[in-house]
Amino acid sequence: MSFNINKQLNAEDQESLAAGAAEGTATTNDPVAVETPAPAVSTPAQKFEPRVETAHDDFDWSRDKRNVVAYTADEKAKYDSVYDNTFKQINDGEMIQATVESLTKTDAVVNIGFKSDGLISLNEFRDIPGGVKVGDVIEVMVVEKEDREGNLNLSRKSARITRAWERIVEVNKTGEIVTGLVTSKTKGGLIVDVFGMETFLPGSQIDVKPVTDYDQFVGKTMEFKVVKINEAIKNAVVSHKALIESDIEAQRAEIIGKLEKGQVLEGTIKNITDFGAFLDLGGLDGLLYITDISWGRINHPSEVLKMDQKLNVVVLDFDDDKKRISLGLKQLTPHPWDTLAENLKEGEIVKGKVVNIEDYGAFLEIMPGVEGLVHVSEITWANTPINAKEFFKLGDEYEAKVVTLDKETRKMSLSIKQMTEDPWSTIETKFPEQSRHMGTVKNITPYGVFVELSTGIGGMIHISDLSWLKRFNNPNEYTKVGNQIEVVILNIDKDGRKLQLGHKQIEEDPWNSLESVFAEGSVHEGTVIKKDDKGAVVQLPYGLEGYAPARHLAKEDGKTIGADETASFMVIEFDRNDKRIVLSHTRLWEREKEEEKQIEMKEKRAEAESTKKAVKNIQSKVEKATLGDLGVLAGLKAKMDSDAASGDATKTEQSDNAAEEPKAE
């Protein structure tokens, strides 16, 4: 059946059908599968004629008009195997040699023998002098065989970093010295390119000496030693100082082997601190303590030393294990006490500068390395306490007298007050008792005021001698430090160097004259200035103060006098010796009530007496009465006596009426 159908198709139809099938499926590399037309279904009515041979019977029906041949599956597998074997097998992350095939404006085209070429940015070749050229063989890393766009992704930079890290790890183990280029400055140090990889050079590892200017090293090629690596982040730390120290260590061992105590060496100051200076002794460092710089006192080594200064020092001590060397500078000169002048003796006058101040006194330096102590008791002749830190200041100069001198123990005591005559030797002449003087308040304590009358002469006013009339809880309520105050010399204690002073004694004692003014029972206006549970302090005229107990502050209406309230008070006690006045407001209105009652009683008695006299007058004028009258008069008399005893004034009128009855009769 198939034969008959093919026989009926002419050559042009077959070619057209093959070409259409080829255009839909065939490619240059893949075999073409030619679709054979489905045979027509025969029916009983169809009749097949015998095949007639033509000129197109030898036509290759598997080849289309583009001359493309369709391969079978076996042929395709065979040809794929031959094609794949012409390329290298590579993996991601693999290091491989590549050849530069061509250059573009931005990239280099490299061939690694794979199906396709790769592109590498020209920025990755900036380290090559003159740039990359066609034909150069370079090492690259396969980042990705095929990215999203199907391209081969290669990197020379990644290959260089990987090889550099492998090299850095190796030299870190072996301790090999490497060469690197300082590319830039960063916080705390420098960035160094070693084998094409950036490493960190801390500022402390640049040199054995402190470095402050990092810019001077940028662009320089130096030797380094890899001292630390971090495998996790692929970071390395290098050191140039380690190379210098290795050379210095050999010199140090040689120097220490020759060191002896007392040996004099030449050194250069490399660092100055608060506690001393470090000297470079030619590969070995030594410490010159501040106390070993000068025999005199210095506050900071920079006062006498400078950076990079060369000087001779003596070896005081050294430790082989810790490699510490203690140096001294002042030991090269004799001790000042040993060269002290022979004519310096006790009683001599010297001049010195204050170099140290303590609570107990101050030290005066009369020459470098020679000091004397001025004790607080030798500052002034006054007996009042003195604070040395308030009296002296560092750097001030004073003249003083040498009190004691001991060259063996190298101690000297000085006195400033002995530069002047002792004022207490003529105290009775200058400040006799009961004399008045002006003084300056120097100090105030809870119990009194210290007053200076002249240099070295002073005394105390007791708090009770400040005022005749007022009592103070603290003297600072009356005066302040620095104020001028007039005093009276009450007593002189020459041996104890003390003066007893008084201020209230300038005026006469007012209590002698006030006794008559504030006599007991007298009434005065007063204001409550202070009040508590026990009573109140009352301000009286003439500046006096009195005290009213709490029970004597009650008013007539039952209330109590409050603070700052003015009222009348009665003096119930006046003590001139104790300077005390006791007051009462309650006693005042109680006395008024008593007086009113007494007046009322007195008036009643006067009325009763008047009534008695009137009755007697009446009785003397009337005639003798009858017995009946006498009985009436007797009853009237008894009633009048009863009224007089009770003090009832109304009974007088009744008596008058009774007396008139006999007269009327």
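Residues numbered from 1 in each chain as written. Predicted model: local features only at pLDDT ≥ 70, side-chain atom pairs only at ≥ 80, totals over all residues. Heavy atoms only, no water.

Trainee: So what's going on with the nonpolar core? Which residues, and what values?
Mentor: By size, the foremost hydrophobic cluster in this structure holds 21 residues, and its most contacted members are I168, L190, V192, L201, I206 and F224. Sorting the residues of this core by element identifies helix 4 (156-174), strand 6 (177-186), strand 7 (189-194), strand 8 (197-202), strand 9 (221-230) and strand 10 (235-239) as the ones contributing at least two each. Residue contributions to this core peak at 5 residues, all from helix 4. Excluding its chain neighbours within four sequence positions, the residues that come into contact with I168 are V194, F195, M197, T199, V226, I229 and A236. (Core = buried A, V, L, I, M, F, W, Y, C linked by side-chain atoms within 4.5 Å. Buried < 20%, exposed > 50% of the residue type's maximum accessible area, 1.4 Å probe, protein only. Helix = DSSP H or I, 4+ residues; strand = E, 2+ residues; numbered from the N terminus. Contact = heavy atoms within 4.5 Å.)

Trainee: Would you mind going over the sheet that holds strand 23 (residues 457-462) in detail, with residue names and values included?
Mentor: Taking strand neighbours around the barrel as the criterion, the 5 strands line up as 21-22-23-25-24 in a closed arrangement whose pairing is mixed. Going from strand to strand, the sheet's axes swing by 50 degrees on average, the running direction of each strand aside. Pairing of strand 24 (residues 484-493) with strand 25 (residues 498-502) involves 5 bridges; the strand directions are antiparallel. Opposite V488, over in strand 25, you have G502 as the bridge partner. (Pairing = 2+ DSSP bridges. Axes fitted to C-alpha atoms, helices over the stretch in contact; angles between N-to-C directions.)

Trainee: Give a detailed account of the confidence of the model for the protein, specifying residues and quantitative values.
Mentor: When pLDDT is averaged along the protein, the result is 78; 80% of the residues meet or exceed 70. When pLDDT is averaged over each element of the protein, strand 20 (residues 411-415) comes out on top at 92 and helix 1 (residues 2-8) at the bottom at 37. Across residues 649-665 the pLDDT falls below 50, and counting only partners more than four positions away or on other chains, this stretch makes 13 contacts in the model. (pLDDT = per-residue confidence, 0-100.)

Trainee: A description of the layout of surface pockets should follow, citing residues and the corresponding values.
Mentor: Volume-wise, the largest pocket comes out at about 700 Å³. Listing elements by their share of the lining of the largest pocket, those giving two or more residues are strand 26 (523-531), strand 28 (545-549) and strand 30 (580-584). Tallying contributions element by element places strand 28 first for the lining of the largest pocket, with 3 residues. Its residues placed into classes, the lining of the largest pocket shows 9 nonpolar, 5 polar and 9 charged. (1 Å grid on protein atoms, 1.4 Å probe; cavity = no way out; pocket = protein on both sides within 12 Å on 5 of 7 lines; lining within 4 Å. Points joined across faces, edges and corners; volume = space filled by probe spheres on them. Nonpolar A, V, L, I, M, F, W, Y, C, P; charged D, E, K, R; others polar.)

Trainee: Tell me what's going on with unusual backbone geometry, and back it up with residues and numbers.
Mentor: In this structure, F195 is a non-glycine residue whose phi angle is positive, near 60 degrees. Relative to the elements of secondary structure, F195 occurs in the loop between strand 7 and strand 8. For F195, a relative accessible area of 32% puts it in the partly exposed group. Positive phi values are uncommon outside glycine, yet Q434 reaches one of about 70 degrees. Looking at the secondary structure, you find Q434 in the loop between helix 7 (427-430) and strand 21 (436-445).

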